[in-house]
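# Chain and residue survey
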Amino acid sequence: MTELAELPLAARRWLDRATPRGQAELSHIAMSQTGTLESAERWLEFRSEATYRPNPLAFEWRARMKVMLGLWVIATDGHAGGDGWGGAKLWGFKSIGAKSGPEVHATQLIRNIAELVWLPEIALADHRLRWGGGADTFEIRADAADREVLVRFEVDQAGDITRAHSPARPYDVPDGFEDAPWRYDLSDHRQIDGVRMPASVVATYLLPDEPWEYLRAQVTSRQRFRVGEKEPIR
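Residues numbered from 1 in each chain as written. Predicted model: local features only at pLDDT ≥ 70, side-chain atom pairs only at ≥ 80, totals over all residues. Heavy atoms only, no water.

### Digging into the overall build of the chain
Across its full length, the chain holds two helices and 13 strands. The globule rule puts the C-alpha radius of gyration for 234 residues at 17 Å, and the 17 Å found for the chain is close to it. Going through the 234 residues of the chain one by one, you find that 48% of them count as buried. In the chain, the share of contacts with a sequence separation of at least 24, taken over all contacts with a separation of at least 6, comes to 47%. As displayed, the chain offers around 11,800 Å² of accessible surface, 49% of which is attributable to carbon and sulfur atoms. (Helix = DSSP H or I, 4+ residues; strand = E, 2+ residues; numbered from the N terminus. Rg over C-alpha atoms; globule rule 2.2 N^0.38 Å. Buried < 20%, exposed > 50% of the residue type's maximum accessible area, 1.4 Å probe, protein only. Contact = heavy atoms within 4.5 Å. Areas by Shrake-Rupley, 256 points an atom, 1.4 Å probe, with all protein chains shown as cover.)

Here you go:
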C-alpha cells in the first residue's frame with residue numbers, strides 16, 4: 001500500500017478532505033448512477049451499477065438503457081487480472097458488440113483510475129499505481145499490457161477534484177482503436193456514504209474534429225463493504 005506521506009501535496013489535500021476517518025479494510029465499493037449516454041447521435045437514458053475492488057484495482061459496470069418502446073440493452077464494461085472488456089446485449093442476451101484486448105484494458109484502466117474520485121478509501125491500496133504532481137494537480141500512472149497509462153487530476157482550493165483527464169485514451173474507430181485526449185468534468189461535490197465526492201460527471205473525448213461529449217451521469221448511491229462481510233457499512 002502507498003503511504004499518504006509519499007504523495008504530492010494536491011493528492012494529500014484531496015484525500016484529507018474526502019476520506020472518512022476510522023476507515024475499515026474494504027473488500028469492495030458498490031455505486032449506482034443514473035444518466036444519459038450518447039449513441040449514434042441519440043441520448044439514451046440509463047441506470048447503472050458498478051463494483052470496484054481495491055487490490056489489484058478492478059471494476060465491473062453494468063447499465064440498462066432503453067432504446068425505444070420494447071427495445072432495451074444491457075451494456076457492460078470492466079477490467080480485472082490484466083484483461084479489459086466492453087460490450088452490449090440486446091434484451092440482455094443477444095450480443096450486439098463485444099470488445100476485449102490490450103486497448104480495451106488500457107481504456108478501462110484509465111476510467112478506473114479517474115473514478116478514484118469516488119473511491120478515496122481505496123486509492124492507496126494498489127501499490128502498482130505511481131503518483132506524482134504538486135500543490136494544485138497530481139497524476140497517477142499505471143501499466144496496461146505494453147503501455148503506460150496516465151490520468152491527471154485538478155484540485156481546487158477547497159481540496160475537491162474538479163477534473164480528471166488523460167492525454168491519450170483509446171476509443172473505437174472502424175478499423176480498430178485510436179488514442180485521443182479524454183476527460184471527466186466533475187461537479188456537485190457533497191457527502192455520500194460518508195465520503196465527500198463529486199455527484200455529477202460529464203465525459204468527453206477531445207477528438208481531432210471536435211469534442212465528443214458522450215456521458216452525463218449522477219451518482220445516486222454508494223456502499224462500502226468490509227472484508228468478509230456481506231452487509232454494507234452503515
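### A short note on the nonpolar core
Formed by 66 residues in total, the largest nonpolar core has its most connected members in Ile113, Trp118, Trp131, Phe138, Phe153 and Tyr184. No other element matches strand 12 (residues 195–206), which puts six residues into this core. Leaving out residues up to four positions away in the same chain, Tyr184 has contacts with Arg111, Ala114, Glu115, Trp118, Thr162, Arg163, Ala164, Val201, Val202, Ala203 and Leu215. (Core = buried A, V, L, I, M, F, W, Y, C linked by side-chain atoms within 4.5 Å.)

### A closer look at helix 1 (residues 9–18)
Working note: α-helix, 3.6 residues per turn, so residues spaced by three or four point in the same direction. Of the positions making up helix 1, those classed as buried are Ala10, Ala11, Trp14, Leu15 and Ala18. Across the axial projection of helix 1, the buried residues extend over an arc of 125°, all falling on one side. The elements touched by buried residues of helix 1 are strand 7 (130–133), strand 8 (137–144), strand 9 (147–155), strand 10 (161–173) and strand 12. (Arc of directions from axis to C-beta.)

### A short note on the environment of Gln218
Mapped onto the fold, Gln218 is located in strand 13 (residues 211–226). You can call Gln218 partly exposed: its relative accessible area is 25%. Distance in space between the C-alpha atoms of Gln218 and Asn55 is 26 Å, their sequence separation being 163 residues. Discounting chain neighbours no more than four positions away, the residues touching Gln218 are Ser32, Gln33, Thr34, Asp188, Arg190, Ala199 and Ser200.

### Looking at the packing of aromatic side chains
Each aromatic ring pair is characterised by the separation of its centres together with the angle its planes make. Evaluation of the coordinates by the stated rule reveals eleven aromatic pairs. Seen from their ring centres, Phe138 and Phe153 are 4.6 Å apart, and the 10° between their planes marks the pair as stacked. Here the residue Phe138 occupies a position in strand 8, and Phe153 occupies one in strand 9, the gap between them amounting to 15 residues. Across the pair, Phe153 and Phe138 agree in class, each one buried. Aromatic side chains Trp182 and Tyr184 sit 4.7 Å apart centroid to centroid with 55° between the ring planes, which places their arrangement in the tilted category. Judged on exposure class, the residue Trp182 and its partner Tyr184 are both buried. A cation sits over an aromatic face here: Arg111 above Trp61, 4.8 Å from the ring centre. (Phe/Tyr/Trp six-rings, centres within 6.5 Å; stacked < 30°, edge-to-face > 60°. Lys NZ or Arg CZ within 6 Å of the ring centre and 35° of its normal.)

### Considerations on the environment of Thr2
In this structure, Thr2 sits in the segment before helix 1. Residues Thr2 and His127 lie 125 residues apart in sequence; the distance between their C-alpha atoms is 5.5 Å. With residues up to four places along the chain from it excluded, the contact list for Thr2 reads Leu7, Leu124, Asp126, His127, Leu129 and Trp131.

### Some remarks on the side chain of Arg169
With respect to the helices and strands, Arg169 occurs in strand 10. Separated by 3.4 Å, the side chains of Arg169 and Tyr205 make a polar contact. In this structure, Arg169 is in contact with Thr107, Gln108, Ile110, Arg111, Glu178, Asp179, Ala180, Trp182, Tyr205 and Tyr214, ignoring residues within four places of it in sequence. (Polar contact = N/O pair within 3.5 Å; in protein donor to acceptor, adjacent residues only side chain to side chain.)

### Some details on the pattern of salt bridges
According to the stated counting rule, one finds 22 salt bridges in the structure shown. A salt bridge links Glu115 to Arg111; its shortest N-O distance comes to 3.0 Å. By relative accessible area, which is 2% here, Glu115 ends up buried. Take Arg111: its relative accessible area is 9%, and that puts it in the buried class. (Salt bridge = Lys/Arg side-chain N within 4 Å of Asp/Glu carboxyl O.)

### Digging into helix 2 (residues 102–114)
Relative to the 18 Å expected for 13 residues at 1.5 Å per residue, helix 2 spans 18 Å between its end C-alpha atoms, a close match to the ideal helical length. Those residues of helix 2 lying buried are Val104, His105, Ala106, Thr107, Gln108, Leu109, Ile110, Arg111, Asn112, Ile113 and Ala114. (Expected span 1.5 Å × (residues − 1).)

Read these as spatial facts, not as claims about activity.
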